[in-house]
Amino acid sequence: MIPSTAAELRRAGLVRALRAVHAAGGQHTRARLARELSCTRATAAALVADLAELGLVAEGAAAPSGRRGRPTTALTPAPGGPVVVVLEIAVDAVRDAAVGLGGRLGEIRAAPLASHEPDRVLGLARAALHERLRAAGRRCAGVAISMYGIVEQPTGVVASAPNLGWDDVDVLPHLGVPAGLPVLVDNVAHLSALADARRGRGRGLGCVLYLHAAVGLGGALVLDGSPLRGRRGFAGEYGHLPLGEHGLPCRCGARGCWETEVDQLALARAAGRETPPHAAAATATALLAGAATDPQARRAVHDVARGLGRGIGALVNAHDPDLVVLAGHAAAVHAAAPDVVHDAAGHAALRVHRGALPPIVPTAFGEDGGLVGAAESLFDRLLEDPIALAASTEARS
Ligand SMILES: [Zn+2]
């Protein structure tokens, strides 16, 4: 909608100003805001005054820039402003944190999982969530959940979480999120991809391909800052593209899936160390660490690195991304044998990409991308209405 009335124009200005302060992660100034919004300093000052009145943004003296001209004003998220409670249901633990405007992740707490039984896992998640909700009080603006599994949208039902052994688990009714509080559930790869595209190396880029491997491999394509979710939220299952060379059987029932030749189980197998899924991370880590000195480990790492690179080349042909971000085991394999990955990607890529492959870089967030991205995704929605956000959280000081 194109704003027409004065009230709509003011609201549109507040949205843009608040998004800018949030995106800058606490490092913004009033002069830069005026430039970004293509408005006068007076208009920027009026928008900031409104956001400060709403309890969302605080103003302070900016550090001297060393340049001549009028001093500018630093803009930061208001202390005491709204926070989003984020929860991640991973394979080894339930983790939780709080994230304020500006996107900085607070202290992460983790409750290790002794069982994958849904009632047990969701019981722990519920306890962690409610402790966070009590701590945040009225500042809590919503709850966002990162899930190690394929999540149906818009229902938020976990359609499949192979590493937890879950199918069709509706997590939200178990968690007791207070009525009226905005909530989302999404796949960890989609959310991590969002985090890297917005706040990692992919910032400002139009097309970022993100790949995460552990046991299995998934990812997401982020276009202009939004992960491609597909019709029901199931997009990004790159591990099940038939990019494997050896036609090996996959856990999904098909043959030749890419992940059968590149994930942690594949690395263990390539080294002659067949391992059960729960031990795959430790085996893969040991093999990657040993690759410098142990020829068998090195051959296995190179086999997997070639497979990883081949698939990346194929996906470069499909998507022509600006940047490829690797996380988890995929990042570790690339770190151990970057040239092998790069050469294999080059061989698989079309001539137009050779010599101009996009950079392949590790995630900026380690294992925390899901939590950062969960907050980012919910703030996307909340920042659409700064006045409602302020009112809902009683952020006024
Ligand atoms: Zn498969």
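Residues numbered from 1 in each chain as written. Predicted model: local features only at pLDDT ≥ 70, side-chain atom pairs only at ≥ 80, totals over all residues. Heavy atoms only, no water.

- Per an unreviewed UniProt entry, the chain goes by Putative NBD/HSP70 family sugar kinase and derives from Pseudonocardia cypriaca.

### Regarding helix 4 (residues 118–136)
Okay, step 1: The end-to-end C-alpha distance of helix 4, which contains 19 residues, comes to 26 Å, matching closely the 27 Å that a straight helix rising 1.5 Å per residue would cover.
Okay, step 2: Along helix 4, the residues classified as buried are Val 121, Leu 122, Ala 125, Ala 128, Leu 129, Arg 132, Leu 133 and Ala 136. Burial along helix 4 is one-sided: seen end-on, the buried residues are contained in an arc of 140°. Counted as exposed and oriented over 90 degrees from the buried face of helix 4: Arg 120, Arg 134 and Ala 135.
Okay, step 3: Following helix 4 by one or two positions, Gly 137 has its phi on the positive side, about 55°. (Helix = DSSP H or I, 4+ residues; strand = E, 2+ residues; numbered from the N terminus. Expected span 1.5 Å × (residues − 1). Buried < 20%, exposed > 50% of the residue type's maximum accessible area, 1.4 Å probe, protein only. Arc of directions from axis to C-beta.)

### Re the pattern of salt bridges
Okay, step 1: By the definition in use, this model includes 18 salt bridges.
Okay, step 2: In this structure, Asp 96 and Arg 132 form a salt bridge, with 2.6 Å as the shortest nitrogen-oxygen distance. Here Arg 132 lies in helix 4 and Asp 96 lies in strand 5 (residues 93–100), a separation of 36 residues in the sequence. Take Asp 96 and Arg 132: they sit in the same class, and that class is buried.
Okay, step 3: When the shortest N-O distance is used, the salt bridge between Glu 261 and Arg 310 registers 3.3 Å. Of this pair, Glu 261 sits in the loop between strand 14 (226–227) and helix 7 (264–270) while Arg 310 is found in helix 9 (residues 295–319), placing the two residues 49 residues apart along the sequence.
Okay, step 4: A single network of salt bridges, built from pairs that share partners, joins Asp 96, Arg 109, Glu 131 and Arg 132. (Salt bridge = Lys/Arg side-chain N within 4 Å of Asp/Glu carboxyl O.)

### Let's talk about the coordination of the zinc ion
Okay, step 1: Coordination of the zinc ion by the protein comes from His 240 (ND1), Cys 250 (SG), Cys 252 (SG) and Cys 257 (SG), over a distance range of 2.0 to 2.3 Å.
Okay, step 2: For the zinc ion, the 4 donor atoms in the first shell make angles of 105 to 117° at the metal, a pattern classed as tetrahedral.
Okay, step 3: Between the donor residues of the zinc ion, the gaps in sequence give the motif H-x9-C-x1-C-x4-C.
Okay, step 4: A relative accessible area of 45% places Cys 252 in the partly exposed class.
Okay, step 5: Using a relative accessible area of 2% as the deciding quantity, one classes Cys 257 as buried. (Donors = N, O, S within 2.8 Å, 3.2 Å for Na, K, Ca; no water. Tetrahedral: all angles 85-135°; square planar, octahedral: opposite > 155°, others 65-115°.)

### Brief notes about the packing of helix 9 against helix 10 (residues 329–336)
Okay, step 1: In contact at an axis separation of 9 Å, helix 9 and helix 10 are set at 115° when each is read in the N-to-C sense. Considered as vectors, helix 9 and helix 10 are oriented roughly perpendicular to each other. At the point where helix 9 passes helix 10, the crossing takes the left-handed sense. Residues Val 301, Val 304, Ala 305 and Leu 308 of helix 9 touch helix 10, and the partners they reach there are His 329, Ala 330, Val 333 and Ala 336.
Okay, step 2: Looking at the contact of helix 9 with helix 10 residue by residue, the class counts come to 7 nonpolar, 1 polar and no charged. (Axes fitted to C-alpha atoms, helices over the stretch in contact; angles between N-to-C directions. Parallel < 35°, antiparallel > 145°, perpendicular 65-115°, else oblique. Left-handed = near helix turned anticlockwise from the far one by under 90°. Contact = heavy atoms within 4.5 Å. Nonpolar A, V, L, I, M, F, W, Y, C, P; charged D, E, K, R; others polar.)

### A closer look at the sheet that holds strand 8 (residues 150–151)
Okay, step 1: Reading across the sheet, the 3 strands line up as 8-9-10 and stay open at both edges, with antiparallel pairing between neighbours. A strand with exactly one partner marks an edge of an open sheet, and here the two such strands are strand 8 and strand 10 (166–169).
Okay, step 2: Across 2 bridges, the pairing between strand 8 and strand 9 (residues 158–161) is antiparallel. Residue pairing for strand 9: Ile 150 is matched across the bridge by Ser 160. (Pairing = 2+ DSSP bridges.)

### Points about the nonpolar core
Okay, step 1: Formed by 38 residues in total, the largest nonpolar core has its most connected members in Leu 56 and Val 86.
Okay, step 2: Ranked by residues supplied to this core, first place goes to helix 12 (residues 369–382) with 7 residues.
Okay, step 3: Lining this core are residues from two domains, each supplying at least three of them: domain 1 (6–77) and domain 2 (83–192 + 369–393).
Okay, step 4: Residues within four places of Leu 56 in sequence aside, it is in contact with Leu 18, Leu 51, Thr 76, Pro 77, Ala 78, Pro 82, Leu 101, Pro 386, Leu 389 and Ala 390.
Okay, step 5: In terms of nonpolar packing, the next biggest core, distinct from the first, is built from 36 residues, Ala 271, Leu 287, Ile 312 and Val 333 among them. (Core = buried A, V, L, I, M, F, W, Y, C linked by side-chain atoms within 4.5 Å. Domains from an automatic or database assignment.)

### Brief notes about the pairing of strand 7 (residues 140–147)
Okay, step 1: Burial of strand 7 is extensive: 8 of the 8 residues sit out of reach of the surface.
Okay, step 2: As paired strands, strand 4 (residues 83–89) and strand 7 are joined by 7 bridges and run parallel to one another. Paired with Leu 87 across the two strands is Ile 145, which belongs to strand 7.

### Let's talk about the sheet that holds strand 1 (residues 28–29)
Okay, step 1: The 3 strands are arranged 1-3-2 in an open sheet whose pairing can be described as antiparallel. A single partner strand is all that each edge strand has here, and the edge strands are strand 1 and strand 2 (57–61).
Okay, step 2: As defined by bridge partners, strand 2 adjoins strand 3 (residues 73–77) across 5 bridges and the pair is classed as antiparallel. By the bridge assignment for strand 3, Gly 60 is matched with Ala 74.
Okay, step 3: Here helix 1 (residues 6–23) sits on the sheet in contact with strand 1, strand 2 and strand 3, set at roughly 85° to strand 3.

### Notes on the domain arrangement of the chain
How big an interface is tends to be stated in terms of accessible area lost as the parts join.
Okay, step 1: Taken as a whole, the chain is organised into domain 1 (6–77), domain 2 (83–192 + 369–393) and domain 3 (202–362).
Okay, step 2: Listed as interface residues are 12 residues of domain 2 and, on the opposing side, 14 residues of domain 3.
Okay, step 3: At the boundary of domain 2 with domain 3, total buried surface from both sides reaches about 1100 Å², with 53% on carbon and sulfur atoms.
Okay, step 4: At the junction of domain 2 with domain 3, the criterion picks out 1 salt bridge.
Okay, step 5: At the junction of domain 2 with domain 3, the criterion picks out 5 residue pairs in polar contact (both at pLDDT 80 or more).
Okay, step 6: For the side of domain 2 that touches domain 3, the secondary structure elements donating two or more residues are strand 8 and helix 6 (188–199).
Okay, step 7: Here the side of domain 2 that touches domain 3 gets 3 residues from one element, more than from any other, and that element is helix 6.
Okay, step 8: Considered class by class, the residues forming the side of domain 2 that touches domain 3 number 5 nonpolar, 5 polar and 2 charged. (Buried area = accessible area lost by both parts, 1.4 Å probe. Polar contact = N/O pair within 3.5 Å; in protein donor to acceptor, adjacent residues only side chain to side chain.)

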